[in-house]
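Structural overview for review
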Protein chains: 2
Amino acid sequence: MFEAVDHVGVAVEDLDAAIELYSESLGMPLQHRETVSEQGVEAALLGVGDSHVELLFPLGDETPVGRFIAKRGPGLHHTAYRCRDVALLIDEQPRRGIRDSRVAFLHPASTGGVLTELVQPAGESSS
Amino acid sequence: MFEAVDHVGVAVEDLDAAIELYSESLGMPLQHRETVSEQGVEAALLGVGDSHVELLFPLGDETPVGRFIAKRGPGLHHTAYRCRDVALLIDEQPRRGIRDSRVAFLHPASTGGVLTELVQPAGESSS
């Protein structure tokens, strides 16, 4: 069903500092940076093999990531799995994710406390 | 430096129920189950492409994962990156991880709040 861990989402309080940490200290190349208004974040993708760390900086306190940081502090936010057709797996319409991917989120209440994202990369579809 | 997201570690309160959730609902095959005394957990690996979800059930309340669940509830615990030689990257000796891997943990204080594990699979070494 899932092809890979597409990315691990990490909530951060300072995007530039986090990019420097992951690229300099952990040797992960910065591959992409984008404001994803639909998710209320400015995000950066750092490469790890065929997967990514997705750094998430909230655009405001009342965004999902802003509330997450206020409650739990910066750190692991969600995990995302790559699939060929998000729409096949959910009951609703997928929405736009970073780099024009199609994404859907599964609520932590249904996945043992883990916010889980399904990602269909742009240009990939089984239909 | 890192070849892949080796696994995403998830703290769980009921290992059998979590295995059922990930294998039945999310379609990830159970590939391995082991008590890792060194880390105070019974762990299970579920396959996602070349990566894994690692479910972590604490062997006691005073283990690291037991304390994590008491404080934050079940959910995302750590993220692990695969590398060829853990010992090259750290100042101390790596320890034994699941499936005879060699592992080291980077403290969240040095990685933006994310407990980070480095994993050298058994049998892989650059030396």
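Scroll up a little and you will see the structure.
If you're wondering where the values come from, they're calculated on a predicted model, not measured in any experiment.

Residue and element names in this part refer to chain A. Per the stated rule, a full pass over the model turns up 2 aromatic pairs over all chains. Where Phe2 meets Tyr81, the ring centres are 5.2 Å apart and the plane angle is 25 degrees; that geometry is what we call stacked. Here the residue Phe2 occupies a position in the segment before strand 1 (4-11), and Tyr81 occupies one in strand 5 (residues 75-82), the gap between them amounting to 79 residues. Residue class for Tyr81 comes out buried when judged on its relative accessible area of 0%.

Right, let's get into the interface of chain B and chain A. Listed as interface residues are 31 residues of chain B and, on the opposing side, 31 residues of chain A. Carbon and sulfur atoms make up 67% of the area that chain B and chain A hide from each other, which totals about 2,400 Å². Together, Leu26, Arg72 and Leu76 of chain B form the three largest contributors to the area buried by chain B at its contact with chain A, with a combined 23%. Our enumeration of links across chain B and chain A arrives at 0 salt bridges. Scanning the region where chain B abuts chain A turns up 0 residue pairs in polar contact (both at pLDDT 80 or more). Of all the secondary-structure elements, those providing two or more residues to the side of chain B that touches chain A are strand 1 (4-11), helix 1 (15-25), strand 4 (51-58) and strand 5 (75-82) of chain B.

Reading the values: the criteria
- Within each chain, residues carry numbers counting from 1 in the order of the written sequence.
- Both sets of labels track the order of writing: A upward for chains, 1 upward for ligands.
- Under the rules for a predicted model, residues below a pLDDT of 70 receive no local features and side-chain atom pairs below 80 are neither given nor counted, while totals for whole chains, interfaces and linings still include all residues.
- Side-chain numbers here rest on the full set of heavy atoms in the structure, without hydrogens or water.
- Centre distance within 6.5 Å is the pairing criterion for rings of Phe, Tyr and Trp, where only the six-membered ring of Trp is used; planes under 30 degrees apart are then read as stacked, over 60 as edge-to-face, and the remainder as tilted.
- Comment: elements are numbered from the N terminus, with helices defined as DSSP H or I runs of at least four residues and strands as E runs of at least two.
- Using a 1.4 Å probe on the protein chains alone, a residue whose accessible area is under 20% of its type maximum counts as buried, one over 50% counts as exposed, and one in between counts as partly exposed.
- By the convention used here, residues are in contact when the closest approach between their heavy atoms is within 4.5 Å.
- Summed over both partners, the accessible area (1.4 Å probe) lost when two parts come together is defined as the buried area.
- In the sections that follow, a salt bridge refers to a side-chain nitrogen of Lys or Arg positioned within 4 Å of a carboxyl oxygen of Asp or Glu.
- Each polar contact in these results corresponds to two N or O atoms within 3.5 Å; when the atoms are within protein, one needs to be able to donate a hydrogen and the other to accept it, and residues that are neighboring in sequence are counted only if both atoms are side-chain atoms.

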